[in-house]
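One-letter residues, chain by chain:
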Amino acid sequence: MSSGIWRTFIMFLIGGSLYVLLELLWRGFSHPSMFLLGGLCFLVIGFLNEGWLSWNMPLPVQAVLGAICVTALELVCGSIVNIWLGLDVWDYSMLPMNFRGQICLYFFLLWIPLSGFAVFVDDWLRHWLFGEPLPVYKWG
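Residues numbered from 1 in each chain as written. Predicted model: local features only at pLDDT ≥ 70, side-chain atom pairs only at ≥ 80, totals over all residues. Heavy atoms only, no water.

## Looking at the nonpolar core
Generally speaking, soluble globular proteins have nonpolar side chains that are buried together.
So, step 1. In terms of nonpolar packing, the biggest core is built from 26 residues, with Met11, Met34, Leu37, Phe42, Cys77, Trp90 and Trp111 touching the most fellow members.
So, step 2. Counting residues per element, this core draws most heavily on helix α4 (residues 105-130), at 8 residues.
So, step 3. For Trp111, the residues in contact, after removing those within four places along its chain, are Tyr19, Ala67, Val70, Thr71 and Glu74. (Core = buried A, V, L, I, M, F, W, Y, C linked by side-chain atoms within 4.5 Å. Buried < 20%, exposed > 50% of the residue type's maximum accessible area, 1.4 Å probe, protein only. Helix = DSSP H or I, 4+ residues; strand = E, 2+ residues; numbered from the N terminus. Contact = heavy atoms within 4.5 Å.)

## Some words on the pattern of salt bridges
So, step 1. A complete count under the given rule lists 4 salt bridges for this structure.
So, step 2. Of the charged contacts in the structure, one is a salt bridge between Asp122 and Arg126, with a shortest N-O distance of 3.0 Å. With Asp122 and Arg126 both in helix α4 and 4 residues apart, the pair spans about one turn of that helix. This pair shows no difference in class: Asp122 is buried, exactly as Arg126 is.
So, step 3. Each member of the salt-bridge network shares a partner with another, and the members are Arg7, Asp122, Arg126 and Glu132. (Salt bridge = Lys/Arg side-chain N within 4 Å of Asp/Glu carboxyl O.)

Rendered as structure tokens:
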């Protein structure tokens, strides 16, 4: 297996673990599907500045784009896990400005700073684990 696939797999495992840990701290429980969703979200956020976008893109823009990606993945996962399979892992229907109880404005806004933080974590882990260079962040 190539080193790129191993790196991606390791980052997926770390991202999934961090997501489950975040849920345990926030809600007191999690679900195995959240490990998969968290790993995928972490990979997407990492890929945003590892090739999909330029390192010259301001970090706040990366954070908003990351939040958009996380929200889109949350909608897809929620549609499968909660609506189609009926597992009821989460339900935002009681929150204002929600869509089918799977996504809402409140959590989109929460994903913005968390996505910005995930950019830092991804870059630091890639540097520490794989010797990749650290980017110089633009703020505006």
